Amino acid sequence: MADAERTFVMVKPDGVQRGLIGEIVSRLEERGLKMVGGKFMQIDQDLAEEHYGEHEDKPFFDGLVDFITSGPVFAMVWEGQDATRQVRKMMGETDPAESAPGTIRGDYGLDLGRNVIHGSDHEDPGANEREIALFFDDDELLDYERVDEQWLYE
Ligand code: DAT
Ligand code: MG
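Residues numbered from 1 in each chain as written. Chains lettered and ligands numbered in written order. Predicted model: local features only at pLDDT ≥ 70, side-chain atom pairs only at ≥ 80, totals over all residues. Heavy atoms only, no water.

J.: Give me helix 4 (residues 61–68): which residues, what numbers.
T.: Among the residues of helix 4, F61, L64, V65, F67 and I68 are the ones counted as buried. When helix 4 is viewed along its axis, its buried side chains cluster within an angular range of 160 degrees and face the same direction. Looking at the packing, one finds that the buried side of helix 4 touches strand 1 (4–11), helix 1 (13–17), helix 3 (45–51) and strand 3 (73–81). (Buried < 20%, exposed > 50% of the residue type's maximum accessible area, 1.4 Å probe, protein only. Helix = DSSP H or I, 4+ residues; strand = E, 2+ residues; numbered from the N terminus. Arc of directions from axis to C-beta. Contact = heavy atoms within 4.5 Å.)

J.: Talk me through the pattern of salt bridges; I want residue IDs and the actual numbers.
T.: Think of it this way: side chains of opposite charge can pair up when their charged atoms draw near. All told, the structure shown has ten salt bridges when counted by the stated rule. With a closest N to O distance of 3.0 Å, E140 and K39 form a salt bridge. Of this pair, E140 sits in the loop between helix 7 (127–135) and helix 8 (149–152) while K39 is found in strand 2 (residues 34–41), placing the two residues 101 residues apart along the sequence. Since its relative accessible area comes to 23%, K39 is described here as partly exposed. Among the salt bridges present, the one from R146 reaches D148, with a minimum N-O distance of 2.8 Å. Taken together, the salt bridges that share partners define one network made up of R6, K34, E79, D143 and E149. (Salt bridge = Lys/Arg side-chain N within 4 Å of Asp/Glu carboxyl O.)

J.: Describe the sheet that holds strand 3, naming the residues involved and giving the relevant values.
T.: A sheet is described by the order of its strands in space; here four strands give the open sequence 2-3-1-4, paired in antiparallel fashion. The open sheet has two edge strands with one neighbour each: strand 2 and strand 4 (117–119). Across the sheet, the mean angle separating the axes of adjacent strands is 20 degrees when strand polarity is ignored. The sheet contact formed by strand 1 and strand 4 spans three bridges and is antiparallel. Bridged to V9 within strand 4 is G119. (Pairing = 2+ DSSP bridges. Axes fitted to C-alpha atoms, helices over the stretch in contact; angles between N-to-C directions.)

J.: Kindly report on the packing of aromatic side chains, identifying the contributing residues and their values.
T.: With the rule as written, the count across this model stands at two aromatic pairs. Centroid distance F8 to F135: 4.4 Å. Interplanar angle 25 degrees. Geometry classified as stacked. Taken as a pair, F8 in strand 1 and F135 in helix 7 lie far apart in primary sequence, 127 residues in all. Ring plane angle 65 degrees and centroid distance 6.5 Å describe the contact between F8 and F136, whose orientation is recorded as edge-to-face. You can see F8 sitting in strand 1 and its partner F136 sitting in the loop between helix 7 and helix 8, a full 128 residues away along the chain. On the basis of relative accessible area, F8 is assigned to the buried category, the value being 0%. Grouping aromatic residues by their ring pairs yields a cluster made of F8, F135 and F136. Over the aromatic face of Y144 sits the side chain of K34, whose NZ or CZ is 5.1 Å from the ring centroid. Sitting over the ring of F136, K39 keeps its end group 4.8 Å from the ring centre. (Phe/Tyr/Trp six-rings, centres within 6.5 Å; stacked < 30°, edge-to-face > 60°. Lys NZ or Arg CZ within 6 Å of the ring centre and 35° of its normal.)

What follows is the structure, given as structure tokens:
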């Protein structure tokens, strides 16, 4: 496998409330990505502010922090070839209204502030590792082989 990497993915509170955890996990699993960590959790204020620190000066920051702390989320780490960029492509655009049908945000969202899923930014080098470390301890991430890997990668 070339470019094997890990990326941070999260079903946001709206996705949890709307019963979309299974659908989102299924899409990533069926694509061939491998879940190596998962945690159903409530994000507190400090973690929210750190996770979204790059947006602290934006007008939507407070609303974003309120939203992401408003209910449980399902935080995950997924591994695979070019995983960060591929997850972003599967998510669609930041605004669900601009996201193509077939993408997660394009199929399950309508509003920018309720866009169902988070994935590390592939255009921000190190964002994946930084976010994984923020949400998971090393011993919460598992190394294992999926039985289909020899059929997924040349
Ligand atoms: P993404 O989640 O696609 O990485 P981002 O990092 O630019 O997008 O922004 C983080 C989240 O903040 C995004 O998922 C939804 C919210 N958001 C972004 N831009 C916004 C805006 N102009 N108004 C309201 N919420 C916004
Ligand atoms: Mg982002």
